[in-house]
Amino acid sequence: MSIVDAFKHLAPETPDYSAQYRAIYLEPIEYSGERFTIGIMAQGNNSEYKVVQTLPSKVLRCLYGEHDKAINNLINIILHSADNFLKANKQLPQWKPPV
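Because the structure is a prediction, the values reported are computed rather than measured. (Residues numbered from 1 in each chain as written. Predicted model: local features only at pLDDT ≥ 70, side-chain atom pairs only at ≥ 80, totals over all residues. Heavy atoms only, no water.)

**Let's talk about the environment of valine 51**
- Structurally, the position occupied by valine 51 is in strand 3 (residues 49–53).
- Counting along the chain gives 16 residues from valine 51 to histidine 67, while the straight-line C-alpha distance between them is 24 Å. (Helix = DSSP H or I, 4+ residues; strand = E, 2+ residues; numbered from the N terminus.)

As structure tokens, then:
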């Protein structure tokens, strides 16, 4: 008997739930290879969804100085697009960023 088998009965049952997620990237300088994860979008098998921003305003201020508001507006446009896409109950892999 393996150690996994010995302790398997102690583990809780796994939930009958599945979901997919996708990282949302921003490449500030096209073709530079430098990119930031600006958000995550997730969609459950029960049509629940969530889009969250992963870069806080303070980080944007440090990275972009006085231009942080412009970058934040761009991020908001992208995340709003992702949110509207999932709200329409479309399939996550089909989403294309607006910019």
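**Description of the packing of aromatic side chains**
- For the coordinates displayed, the defined rule picks out 0 aromatic pairs.
- A cation over an aromatic ring shows up here: arginine 35 above the ring of tyrosine 25, its NZ or CZ 3.7 Å from the ring centre. (Phe/Tyr/Trp six-rings, centres within 6.5 Å; stacked < 30°, edge-to-face > 60°. Lys NZ or Arg CZ within 6 Å of the ring centre and 35° of its normal.)

**Section: helix 3 (residues 68–87)**
- Between the first and last C-alpha of helix 3 there are 28 Å, a value that for 20 residues agrees with the 28 Å anticipated at 1.5 Å per step.
- Against the buried residues of helix 3 lie strand 1 (19–26), strand 2 (36–44), strand 3 and helix 2 (57–64).
- Asparagine 89, located one to two residues past helix 3, shows a positive phi value of around 60°. (Expected span 1.5 Å × (residues − 1). Contact = heavy atoms within 4.5 Å.)

**Considerations on the environment of aspartate 68**
- Position of aspartate 68 among the secondary structure elements: in helix 3.
- Between the C-alpha atom of aspartate 68 and that of leucine 86, which follows or precedes it by 18 residues, the distance is 27 Å.
- Residues contacting aspartate 68, with those up to four places away along its chain left out, are Leu60 and Arg61.

**Some words on the sheet that holds strand 2**
- Read across the sheet, 3 strands follow the order 1-2-3 without closing on themselves; strand pairing throughout is antiparallel. The open sheet has two edge strands with one neighbour each: strand 1 and strand 3. Averaged over all adjacent pairs, the angle separating strand axes in this sheet is 15°, with direction ignored.
- Strand direction decides the pairing type here: strand 1 and strand 2, joined by 8 bridges, are antiparallel. The residue of strand 2 that forms the bridge with isoleucine 24 is glycine 39.
- Across the sheet, helix 3 lies against strand 1, strand 2 and strand 3, angled at about 175° from strand 3, the strand it touches most. (Pairing = 2+ DSSP bridges. Axes fitted to C-alpha atoms, helices over the stretch in contact; angles between N-to-C directions.)

**Quick word on the pairing of strand 3**
- Strand direction decides the pairing type here: strand 2 and strand 3, joined by 5 bridges, are antiparallel. Bridge pairing links alanine 42 to lysine 50 in strand 3.
- Between the antiparallel neighbours strand 2 and strand 3 lie 4 residues, among them serine 47 with a positive phi of about 75°.

**Description of the side chain of aspartate 68**
- Residue class for aspartate 68 comes out buried when judged on its relative accessible area of 11%.
- At 3.4 Å, the side chain of aspartate 68 and the side chain of arginine 61 are in polar contact. (Buried < 20%, exposed > 50% of the residue type's maximum accessible area, 1.4 Å probe, protein only. Polar contact = N/O pair within 3.5 Å; in protein donor to acceptor, adjacent residues only side chain to side chain.)

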